[in-house]
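# Close look at the chain arrangement
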Amino acid sequence: MSTASGPLAFPSGRQYQEALQNTALCFHDRDLRGALPQVTKLGLPRPISGQFASVFSLTSSDGRRYALKCFTSHVRDQQDRYEAVSDKLSGIDARSLSQPWRIGFEYVPDGILVNGSRFPVLKMDWVEAVTLSSWLDSHHKNSTAVRNLAEHFALLTADLAAHDIAHGDLQHGNLLVASDGTFRLVDYDGMFVPALNGRHSTERGHRNYQSPARGDDDFDSTLDHFSNWVIYLALHAVSADPSLWTRLHEPDGEYLLLAEDDFRDPAGSVRLLTLLSHTDSTVRDLAEQIRMLAWQPLSLVPRLSVPVAPAHGARIPGPRAVTGRRPSWLDDHVSATTAPSPGASASATPTDSLPPKYVHRQVPDVLLGLLLPLAVLGPSALAVAELITPYVLTLSYGGSLGMTALAARTTRRRRPETTALRAHLSRLRERRRATLGPVRTADRLQRERQEFDVSETTRQRRLATAQTKLQHTHAKAVKAAEKKKVRDQQAIEKEITALARQRQTTLGRALRSYRKETIDRELGKIRLHERELTGIGRSLVQALAARGVRTAADFTGITLVRSGGRYNNVTALINTADGRRVDIKGIGENRARTLDAWRVRQHARVSSRAPSSLPPARHQSIEADFVRRETDLYRQRTEAEVTARRALETAVNQLRSGLARLDGENQLAARHASQQRQHLAQRLAQLGDPRFRLAIVEAEIAAANRSARALSFLRYLRFALIGR
């Protein structure tokens with residue numbers, strides 16, 4: 001809305017409030033005409049006031065609810081901007097969006113009548129949702145819900161980026177959370193769409209969410225990049241540690257976890273330091289990203305890339321040396337393992353198929369069963385018959401028992417049960433030896449991977465340090481350039497101000513000199529004449545002429561000198577124009593006063609006719625000199641701006657090239673790291689899980705040893721004697 005003299009002053013929030021008391025009069029729009037505004041306890045329309053507008057809630061006659069935005073200040077090409085935003089948003093297929101974040105709106109150029117003039121309004125669909133900060137007040141302890149909200153925010157930023165859109169003022173008040181945990185995006189005043197490319201931003205967004213480096217010239221699809229990192233950091237940090245919300249966020253604070261002061265002075269920020277030292281690695285990484293990006297030009301701030309933890313398969317821990325019965329966690333795996341391990345034969349005998357005892361005595365077993373009683377009773381019978389001495393009896397016992405034990409050992413080793421047991425244990429031990437090699441290899445690869453991870457962490461830390469150093473150098477160069485520009489321009493401004501005063505002084509001095517020249521010239525034309533000088537005759541006029549006083553210009557006044565003494569005589573001296581004082585005989589005090597009064601009258605008459613301004617030529621000559629000097633000063637001021645701009649461009653180019661170099665080195669190192677990790681992962685995958693296989697073998701050896709107790713030497717002697 002404008003007049004012939006310029007933009008029409010927009011109403012205040014109170015004036016809109018008064019107009020909305022009669023919606024049938026102030027609106028033409030059929031949805032708004034006669035609509036009921038939400039009111040205060042005093043019955044007045046309730047406003048939600050912002051920096052550039054007031055928003056009112058109205059319910060139409062058909063029950064639909066609208067949010068009406070009434071502007072309190074003029075915004076250049078506002079209608080064109082809203083139409084471009086509307087065209088872009090309406091052309092997006094809702095099915096392609098991650099969530100229904102778009103809000104329907106209509107820009108009405110002559111929407112409301114206030115104090116006899118019509119002003120534009122923005123009619124928006126009402127949204128049933130709460131602001132992000134209010135939602136976190138209620139839900140920050142629900143880590144799962146906050147984590148899901150962080151994911152929805154990342155998806156929202158991806159939607160905007162996919163369509164080259166930037167909101168321009170992402171903050172807790174413009175991000176509304178609906179009951180289903182998805183976002184609704186409001187306030188499109190500063191939104192960028194491709195059709196607005198080349199224009200300037202109409203606002204700089206909420207200071208607690210924007211980069212300190214953002215300016216009015218920043219207006220493209222990268223506008224939200226810094227805000228995205230700030231908001232996502234807050235959501236992820238609260239999901240990882242809900243206590244951060246109460247520790248770092250003040251009640252009713254106009255920020256989430258970090259604010260403008262934290263971005264302007266990262267080194268002195270307690271809140272940022274808390275996040276940088278958090279136990280959660282992702283929180284630390286995100287906080288470090290914010291610290292690095294705080295003073296970067298917006299064009300260099302990267303898009304939000306959500307960190308994803310690498311997926312690792314669940315690894316079953318390998319047991320220590322297994323003795324006794326098999327651990328219960330292996331029961332299912334042992335029976336399910338059908339593939340032979342390295343070193344296992346195709347004819348391996350399962351532990352369960354080993355005979356639980358000796359069966360079916362053979363001839364050697366029977367003979368051993370007969371020999372055992374004889375080995376014990378034979379020497380005793382000979383001793384009873386006194387056929388041998390006690391000493392021989394002892395030797396006989398030893399010999400017979402030793403021979404019997406040797407025979408029993410030999411026959412036992414030849415039994416099929418012990419043969420199968422020995423073969424089975426031999427195969428298991430061979431399998432264990434074959435498995436120990438892969439286990440050692442896997443342990444070595446795990447150590448290599450850990451060492452590699454440590455080296456990668458060190459490399460990334462060095463990269464962050466190098467990036468920070470570049471940014472500090474950039475900030476220092478920018479600060480120095482700005483400081484020099486301000487210093488130079490202040491000095492030049494002082495000279496310009498002094499030059500203006502000097503111009504006035506010079507013109508005044510020149511005018512006074514010109515007037516004096518004119519007056520002196522005119523006075524030089526007025527000769528002394530006795531007719532105009534009462535009491536001064538021709539002889540005195542001639543005497544004055546003889547001493548050089550012929551005209552009113554030849555003298556400047558008189559000086560009366562008193563001699564003092566008894567008679568106190570007075571001598572009258574004529575002050576000549578060349579600085580002499582002459583004593584004319586016959587001109588005393590009275591005649592001198594008459595002469596001086598005549599001069600004063602002539603001077604007053606001539607002065608009244610003297611010019612009050614310089615001749616154009618002389619005035620132009622003086623002005624030309626000062627214009628030349630002023631032009632030179634303005635040239636110096638422009639050069640100071642150009643020099644500063646070049647210094648800033650050089651600093652930005654150095655920062656951009658340095659970051660590009662570091663980014664290239666990082667990408668190369670990251671590709672190498674990825675290949676190295678892939679190589680280690682492939683080698684570990686080829687090994688399978690050797691510790692698990694070793695645990696299975698150890699368990700089978702333990703089971704075989706338990707079976708061996710049923711086939712012990714004593715069990716065999718009993719079997720030889722009684723057959724069971």
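How each quantity is defined
- Residues numbered from 1 in each chain as written.
- Predicted model: local features only at pLDDT ≥ 70, side-chain atom pairs only at ≥ 80, totals over all residues.
- Heavy atoms only, no water.
- Core = buried A, V, L, I, M, F, W, Y, C linked by side-chain atoms within 4.5 Å.
- Buried < 20%, exposed > 50% of the residue type's maximum accessible area, 1.4 Å probe, protein only.
- Helix = DSSP H or I, 4+ residues; strand = E, 2+ residues; numbered from the N terminus.
- Domains from an automatic or database assignment.
- Contact = heavy atoms within 4.5 Å.
- Pairing = 2+ DSSP bridges.
- Axes fitted to C-alpha atoms, helices over the stretch in contact; angles between N-to-C directions.
- Parallel < 35°, antiparallel > 145°, perpendicular 65-115°, else oblique.
- Left-handed = near helix turned anticlockwise from the far one by under 90°.
- Nonpolar A, V, L, I, M, F, W, Y, C, P; charged D, E, K, R; others polar.
- Phe/Tyr/Trp six-rings, centres within 6.5 Å; stacked < 30°, edge-to-face > 60°.
- Lys NZ or Arg CZ within 6 Å of the ring centre and 35° of its normal.
- Salt bridge = Lys/Arg side-chain N within 4 Å of Asp/Glu carboxyl O.
- pLDDT = per-residue confidence, 0-100.
- Expected span 1.5 Å × (residues − 1).

## Considering the nonpolar core
In this structure, I112, L132 and L275 are the most contacted members of the largest nonpolar core, which totals 91 residues. With 10 residues, the single largest contributor to this core is helix 6 (residues 225-240). Of the residues that make up this core, three or more belong to each of domain 1 (13-125) and domain 2 (129-300). Excluding its chain neighbours within four sequence positions, the residues that come into contact with L132 are L149, H172, L175, V177, F183, I231, L235 and L256.

## Remarks on the side chain of Q78
The topology assignment puts Q78 in helix 3 (residues 78-90). A relative accessible area of 8% means that Q78 is categorised as buried. In contact with Q78, other than residues within four places in its own chain, are F71, Y107 and P120.

## Quick word on the sheet that holds strand 10 (residues 175-177)
Taken together, the 3 strands give an open sheet; going across it, the order is 9-10-11, and neighbouring strands pair in antiparallel fashion. Since the sheet does not close on itself, it has two edges, and those belong to strand 9 (130-131) and strand 11 (183-185), each with one partner. Of the pairings in the sheet, the one linking strand 9 to strand 10 comprises 2 bridges and is antiparallel in character. Paired with T131 across the strands is L176, a residue of strand 10. The sheet strands contacting helix 5 (residues 143-162) are strand 10 and strand 11, and the helix crosses strand 11 at an angle near 40 degrees.

## A look at the packing of helix 5 against helix 6
Where helix 5 meets helix 6, the axes come as close as 8 Å, and the angle between the chain directions of the two elements is 160 degrees. Accordingly, the angle class assigned to the pair helix 5 and helix 6 is roughly antiparallel. Remark: the crossing between helix 5 and helix 6 carries left-handed chirality. Across the interface between the two elements, S143, V146, R147, L149, A150, F153, A154 and T157 from helix 5 touch N228, I231, Y232, L235, H236, V238 and S239 from helix 6. Among the residues forming the contact of helix 5 with helix 6, the class breakdown is 9 nonpolar, 5 polar and 1 charged.

## Notes on the packing of aromatic side chains
For the coordinates displayed, the defined rule picks out 9 aromatic pairs. Ring centres of Y82 and Y107 lie 5.5 Å apart, and the angle between their planes is 20 degrees; this geometry places the pair in the stacked category. Note that Y82 is positioned in helix 3 and Y107 in strand 7 (residues 105-114), a separation of 25 residues in sequence. Through a chain of ring-to-ring contacts, the aromatic side chains of F71, Y82, F105, Y107 and Y188 assemble into a single cluster. Note that K123 overlies the ring of Y66, its terminal NZ or CZ placed 5.3 Å from the centroid. Above the plane of the ring of Y255 lies R271, whose end atom (NZ or CZ) is 4.9 Å from the centre.

## A look at the environment of I92
Tracing the backbone shows I92 in the loop between helix 3 and strand 7. The exposure class assigned to I92 is buried, which follows from its relative accessible area of 6%. Along the primary structure I92 and H163 are separated by 71 residues, whereas in three dimensions their C-alpha atoms are 8.3 Å apart.

## Remarks on the pattern of salt bridges
Applying the stated rule across the entire model yields 37 salt bridges. For R433, the salt bridge goes to E430, with nearest N and O atoms at 2.6 Å. With R433 and E430 both in helix 14 (residues 416-523) and 3 residues apart, the pair spans about one turn of that helix. A salt bridge links R503 to E630, with the nearest nitrogen and oxygen atoms 3.7 Å apart. Taken as a pair, R503 in helix 14 and E630 in helix 17 (residues 616-687) lie far apart in primary sequence, 127 residues in all. Linked by salt bridges that have partners in common, D29, D31, E106 and K123 make up one network.

## A few points about the confidence of the model for the protein chain
The predicted model of the protein chain has a mean per-residue pLDDT of 83, with 87% of residues at 70 or higher. The low-confidence segment residues 2-6 (pLDDT under 50) makes 3 contacts with residues lying over four places distant or belonging to another chain.

## Quick look at helix 6
In a regular helix each residue adds 1.5 Å, so 16 residues correspond to 22 Å; helix 6 covers 23 Å between its end C-alpha atoms and thus fits that length. Of all 16 residues in helix 6, 15 are buried; the element is thus mostly enclosed.

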